[in-house]
Amino acid sequence: MSSKNLTAAHRSLAFGTRLRVTNKHNGRSVVVRINDRGPFIRGRVLDLSRAAAQNIGMVASGTAKVCYEVVASK
């Protein structure tokens, strides 16, 4: 799947910002592009697209502890 389709929501990062998101449980990572605002649930920082969540193995659990870093800012 093209990384163009791997997206995420963040409350304040600029649209178009690219992040490397790593699942702390299994070490898998993916690069996503910020294209939406959210999540608006306390304690959550990112909302990944389903495709991005599948790539890092967190669809079954629905949530996961991750680390993220900006790899390209808009």
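Please refer to the structure higher up on the page.
Residues numbered from 1 in each chain as written. Predicted model: local features only at pLDDT ≥ 70, side-chain atom pairs only at ≥ 80, totals over all residues. Heavy atoms only, no water.

Novice: Any details on the layout of surface pockets? Residues and values, ideally.
Specialist: A volume near 420 Å³ is recorded for the largest pocket. With three residues, the top contributor of residues to the lining of the largest pocket is strand β4 (residues 46–48). Residues that form the lining of the largest pocket fall into these classes: 11 nonpolar, three polar and three charged. (1 Å grid on protein atoms, 1.4 Å probe; cavity = no way out; pocket = protein on both sides within 12 Å on 5 of 7 lines; lining within 4 Å. Points joined across faces, edges and corners; volume = space filled by probe spheres on them. Helix = DSSP H or I, 4+ residues; strand = E, 2+ residues; numbered from the N terminus. Nonpolar A, V, L, I, M, F, W, Y, C, P; charged D, E, K, R; others polar.)

Novice: Could you give an account of the environment of V45, with specific residues and numbers?
Specialist: Structurally, the position occupied by V45 is in the loop between β3 (29–36) and β4. Here V45 falls in the partly exposed class, since its relative accessible area comes to 38%. Distance in space between the C-alpha atoms of V45 and V59 is 17 Å, their sequence separation being 14 residues. Excluding its chain neighbours within four sequence positions, the residues that come into contact with V45 are A9, H10, R11, G38, P39 and Y68. (Buried < 20%, exposed > 50% of the residue type's maximum accessible area, 1.4 Å probe, protein only. Contact = heavy atoms within 4.5 Å.)

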